[in-house]
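Single-letter residue listing:
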Amino acid sequence: MSDESRSAGPGLPIGPPDATRVPRYAGPDTFARLPRLQDVSRADVAILGVPFDSGVSYRPGARFGPQAIRAGSKLLRSYHPALDVEPWKVLQLADAGDVAVNPFDIEEAVAELQVAATALYEQVAKIVTIGGDHTIALPLLRAAYAQHGPISLVHFDAHLDTWDSYFGARYTHGTPFRRAAEEGILALDSSAHVGIRNYVYSPHDFSEDRRLGFAIVSTLDIARRGVDDAIDRVRDRVGEHPVYVSIDIDVLDPAHAPGTGTPEPGGLTTRELQLILHGLVGLNIVGADIVEVSPAYDHAELTSMAGAVAAFELLAMFAKAAS
Ligand code: MN
Ligand code: MN
């Protein structure tokens, strides 16, 4: 255990150092300065980094996303007023470090991450992954499926990510949910994309996505009907199933998240994403990821802080559901 980390008492979770004694820009370089997984006897939720971006179709750089999100997470504070919870007082949260995967062989990387995530689910109930490009969602979903059976996917993204292949490659950041659907690991009639917008290669992209069984709550739907309507539609869709929440940071407008691989103007605000997540408290979320943070395109840590906030919202949702 880091000698700077603190526990509120014997048997209680160990959290980050006291920010009134160790300023937030100092201390451990873990997510939110939480203890490392190897330094706690047990944990409820692990934060896992996956520095991988060999599956991108446009700008690279998300391999540096995990360290950027950890850096952006240093500003987080303990208490979440909207959910009235202090996540690291309710749950033992821990940073499981990064999984090193093959940068030159995507299928090998997918297999390596599946093994690592499956092993991690033997140790902790829930995993929040900080990526990495969206390719990594497939092995993470496979690991969640092995633990829980068919998974409802709530997928925040400007893009469908249900394309079949790029340049003959079947494992890319634009194809994970097509592969997951084909493999039967998604409960498709209770899965949804949220935040889809802008332009695709052809109308066929949408008809194919519908044929696979996904539903869409688009960015324009949210702009016209508001976040409460989006929450109702997602909750109606998901029901009681085990849920995996996948957040591509490009669901946010480039004004809020410029540091990403495939930016799309006209997106959600960070606040809209937060509000929708608050509305999903109580769903049986078993895993989540925040992907596509590419710090070389970022300014003033906007994107890495947005990624850190999204991860913290998920941790707070877990804590709220457990308290
Ligand atoms: Mn995207
Ligand atoms: Mn994506």
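As a reminder, the structure under discussion sits directly above these lines.
Residues numbered from 1 in each chain as written. Chains lettered and ligands numbered in written order. Predicted model: local features only at pLDDT ≥ 70, side-chain atom pairs only at ≥ 80, totals over all residues. Heavy atoms only, no water.

A.B. asks: Any details on the coordination of the manganese ion (ligand 1)? Residues and values, ideally.
C.D. replies: Within the protein, the manganese ion (ligand 1) binds to Asp157 (OD), His159 (ND1), Asp248 (OD), Asp250 (OD) and Asp250 (OD); these donor distances fall in the range 2.0 to 2.6 Å. Ordering the donors of the manganese ion (ligand 1) by residue number gives the pattern D-x1-H-x88-D-x1-D. Between the two metals, the manganese ion (ligand 1) and the manganese ion (ligand 2), the spacing is 3.3 Å, and Asp157 donates to both. Of this pair, His159 sits in the loop between β6 (152-156) and α5 (176-182) while Asp250 sits in the loop between β9 (242-248) and α9 (270-278), and the two are 91 residues apart along the sequence. Assessed through its relative accessible area of 12%, His159 is described here as buried. (Donors = N, O, S within 2.8 Å, 3.2 Å for Na, K, Ca; no water. Helix = DSSP H or I, 4+ residues; strand = E, 2+ residues; numbered from the N terminus. Buried < 20%, exposed > 50% of the residue type's maximum accessible area, 1.4 Å probe, protein only.)

A.B. asks: An account of the coordination of the manganese ion (ligand 2) is requested, with residue identities and associated values reported.
C.D. replies: A four-donor tetrahedral metal ideally has 109.5 degree angles, and a six-donor octahedral metal ideally has angles of 90 or 180 degrees. Within the protein, the atoms that donate to the manganese ion (ligand 2) are His134 (ND1), Asp157 (OD), Asp161 (OD) and Asp248 (OD), at distances of 2.1 to 2.2 Å. Linear spacing of the donor residues for the manganese ion (ligand 2) on their chain is H-x22-D-x3-D-x86-D. Overall, the relative accessible area of 2% leaves Asp248 in the buried class.

A.B. asks: Go over the environment of Arg59, please, and point to the residues and values.
C.D. replies: Looking at the element boundaries, Arg59 is found in the loop between β3 (45-50) and α1 (65-72). Judged by its relative accessible area of 23%, Arg59 falls in the partly exposed class. Among the polar contacts listed, one links the side chain of Arg59 to the backbone oxygen of Thr260, at a separation of 3.0 Å. (Polar contact = N/O pair within 3.5 Å; in protein donor to acceptor, adjacent residues only side chain to side chain.)

A.B. asks: Now, about α1: what can you tell me, with residues and values included?
C.D. replies: Think of an α-helix as turning once every 3.6 residues; residues three or four places apart then point the same way. Burial analysis of α1 places six of its eight residues in the buried class, the great majority of the element. Those residues of α1 not exposed but buried are Gly65, Pro66, Ala68, Ile69, Arg70 and Gly72. Its buried side turned inward, α1 meets β3, β4 (93-98), β5 (126-131), β10 (284-291) and α10 (302-322). (Contact = heavy atoms within 4.5 Å.)

A.B. asks: Can you break down the sheet that holds strand β8 (residues 215-218) residue by residue, with the values?
C.D. replies: Taken in spatial order, the eight strands line up as β4-β3-β5-β10-β9-β6-β7-β8 in an open sheet, and their pairing is parallel. Because the sheet does not close on itself, it has two edges, and the strands there are β4 and β8. Strand after strand, the sheet turns through a mean of 15° between neighbouring axes, direction not considered. The pairing of β5 with β10 spans four bridges and is classified as parallel. Among the inter-strand pairings, Val128 is bridged to a residue of β10, identified as Ala288. Seen against the sheet, helix α4 (residues 137-148) touches β5, β6, β9 and β10 and runs at an angle of roughly 170° to β9. (Pairing = 2+ DSSP bridges. Axes fitted to C-alpha atoms, helices over the stretch in contact; angles between N-to-C directions.)

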